[in-house]
Every structure is written in C-alpha cells, then in structure tokens.
Amino acid sequence: MAKSSLKNALIILLAIIIACSTKLCKAIESPQYKIVHSESDFEIRHYRESVWMTAPVNEISFEKATKDGFHRLFQFIQGANLNFSRIYMTKPVLTSIVPGAGPLHSSAYFVKFYLPDKFQADPPLPLPELNLQPDPWTSHCIAVRRFSGFARDGNIVKEAEKLALSLSRSPWANSTASTSEYAYSIAQYNSPFRIIGRVNEVWVDVAGSRATGCESNPVAAY
C-alpha cells in the first residue's frame, strides 16, 4: 500500500475507533431496499425513501475526496451540529461521482452518510463551516455490482465499466437514468484495515423509479 493510501486509511480508522469508543458503533444501520432483479454479476434494488447527509467535494482523486468528505461527516456525527446530537455510525459510506472532464471522468464528488432511523424525520442541522447538506432520496431503483478489495482511484472506473457492460447485455439495457446528476456511486462497507472479505459496490441509478417491473416481484428485502 502506498504511503499516502496508508496515511488516509489510518486517519479513517482512527475516526472509526473514536466513534466506537463513544458508543457510536452500537447500531449499524443501512438504507432499506428490495431486490427486484438478480443476475450473477449485478442486481437491481428498489430503495425506500431516505435522508442522507452529504459533503460536496471538489477534488480529482476519488480517494482524497472520500477522505475529505468523511472527515467532515465524522465531525457532524460526533456533535458538530446545531442540536449537539451524537449519531450512530451507519453503512455504507457512499461517494457519488459527478460527470465531468477530469481523469476519472469527474469534476466533483458528494460523500454521503445515511442517517439512522432516529434522525430520518428530523435531521440535525450541521454547523455551517462543515458545508454539509441533507439529501432526501425518493424511492427509486439502483443497479448494483459488488467487488472486493479496496476501492481506489485505479479500479473504480473499471468496476463501473463492468457494470455498464453487464447492463447492456441484460433486460435493463439503456435503462440507466439519463436525468441522474451522478455518473455512478461507490459504496464502501468496511473499516480501512479489514484486508479479507472486503465489500464494495458500484451503484447506478435506473430510469423510472416507478417503471413497470422496477418494484414488482421482489426476491429479498433488507
């Protein structure tokens, strides 16, 4: 692992350790969804309405953007909000990539934290200097590809391209949402120091959140 990547991992790991020492890891919640279509290398999920807290980041590097955004979000959940609320850790940490002309086909990122059920209806207001905004989601469908290892600048584009290829060969060809403001998102579920069994996902919005078939015949719920 390069020195810069190791330094970034240490910073995030320290944040997680501090959070757990203050009992913020007591309840690990995730956004709820139903699987409505499944194949060997991807699935379509229907996510319920939810609210996330979002950190906008202008940065070329996905890794640097995720570190910066997570650092601000961590301050928010530790009590840097107008309510002085302590907020439990949730998963995944989601980094959404805005289409652009940069080396990673992006010019900006949004790093997102899913708010626990306790705060969904009334999110605490972040301190202004953190530059965070609540991000309410309507119910919609997302195409998901899972991959292992670490999500890095060098592999996220390839994983997104694999998902796009799989979708092009499926009944969901040409279904990605042209109105979405994001090219794709990367969901990370694990501590930076977990080496084996890491779980990451590429997420791409699917057009027509209430399109025929999107919400029908769910095979599992989470």
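From a predicted model like this one, the values you see are computed outputs, not experimental measurements.

Turning next to the overall build of the protein. In terms of helices and strands, the protein carries 4 helices and 10 strands. For the protein, the α and β elements follow one another from N to C terminus as α-β-β-β-α-β-β-α-β-β-α-β-β-β. For the protein, with 222 residues in total, the buried portion stands at 50%. Once local pairs closer than 6 in sequence are excluded, the contacts in the protein between residues at least 24 apart make up 75%.

For the rest of this paragraph, the subject is the nonpolar core. With 41 residues, the main nonpolar core has I44, F76, I156, Y184, I186 and V202 as its most contacted residues. Where this core is concerned, the elements lending two or more residues are β3 (50-57), α2 (62-77), β4 (93-99), β5 (106-114), β7 (140-147), α4 (156-168), β8 (184-188) and β9 (200-205). It is α2 that provides the largest number of residues to this core, a total of 7 residues. Beyond its immediate chain neighbours, meaning those up to four positions away, I186 contacts F62, V93, L94, T95, I97, F147, A151, I156, E201 and V202. Core analysis: the second largest hydrophobic core is formed by 11 residues, Y114, W137, I142 and W203 among them.

Turning to the packing of aromatic side chains, a few remarks are in order. For the structure on display, the rule yields 9 aromatic pairs. Taking 5.1 Å as the distance between ring centres and 40° as the angle between the ring planes, the aromatic pair formed by Y47 and W203 counts as tilted. With a gap of 156 residues between them, Y47 in strand β2 (residues 43-47) and W203 in strand β9 connect regions that are remote in the sequence. As far as the burial class goes, Y47 and W203 line up, both buried. On the basis of an interplanar angle of 90° and a centroid distance of 6.5 Å, the ring pair of W52 and W203 is categorised as edge-to-face. Of this pair, W52 sits in strand β3 while W203 sits in strand β9, placing them 151 residues apart in sequence. When sorted by exposure, W52 lands in the same class as W203, which is buried. The ring of Y33 carries the charged tip of R45 above its face, separated from the ring centre by 4.4 Å. The cationic tip of R198 hangs over the ring face of F150; the distance from NZ or CZ to the ring centre is 4.1 Å.

Most of β2 sits inside the fold, with 5 of its 5 residues counted as buried. Alternating positions in β2 separate into two faces, E43, R45 and Y47 on one and I44 and H46 on the other, with burial throughout. Pairing geometry for strand β1 (residues 33-38) and β2, over 5 bridges, is antiparallel. Counted as the bridge partner of K34 is H46 from β2. Remark: 4 residues form the turn of the hairpin made by β1 and β2, two consecutive strands paired antiparallel. Across 5 bridges, the pairing between β2 and β7 is antiparallel. What sits directly across from Y47, in β7, is H140.

The rules behind the values
Think of each chain on its own: its residues are numbered from 1, step by step along the sequence as written. With the structure being a predicted model, the display of local features is reserved for residues of pLDDT at least 70 and the display and counting of side-chain atom pairs for 80 or more, all residues being used for whole-chain, interface and lining totals. Excluding hydrogens and water, the side-chain figures rest on all heavy atoms present in the structure. A helix here means a DSSP run of H or I that spans at least four residues, while a strand means a run of E at least two residues long, and both kinds are numbered starting from the N terminus. Note on classification: 1.4 Å probe, protein chains only; a residue is buried when its accessible area is under 20% of the maximum for its type, exposed when over 50%, partly exposed between these limits. What makes two residues a contact is simply this: any of their non-hydrogen atoms within 4.5 Å. For this analysis, a nonpolar core means a set of buried residues of the types Ala, Val, Leu, Ile, Met, Phe, Trp, Tyr and Cys, connected via side-chain atoms within 4.5 Å. Working definition: a ring pair exists when centres of Phe, Tyr or Trp rings (six-membered ring for Trp) sit within 6.5 Å. Plane angles under 30 degrees give stacked, over 60 give edge-to-face, the rest tilted. Only lysine NZ and arginine CZ atoms are considered, and such an atom sits over a ring when it is within 6 Å of the ring centre and within 35 degrees of the ring normal. Here, any two strands with at least 2 DSSP bridges between them count as paired.

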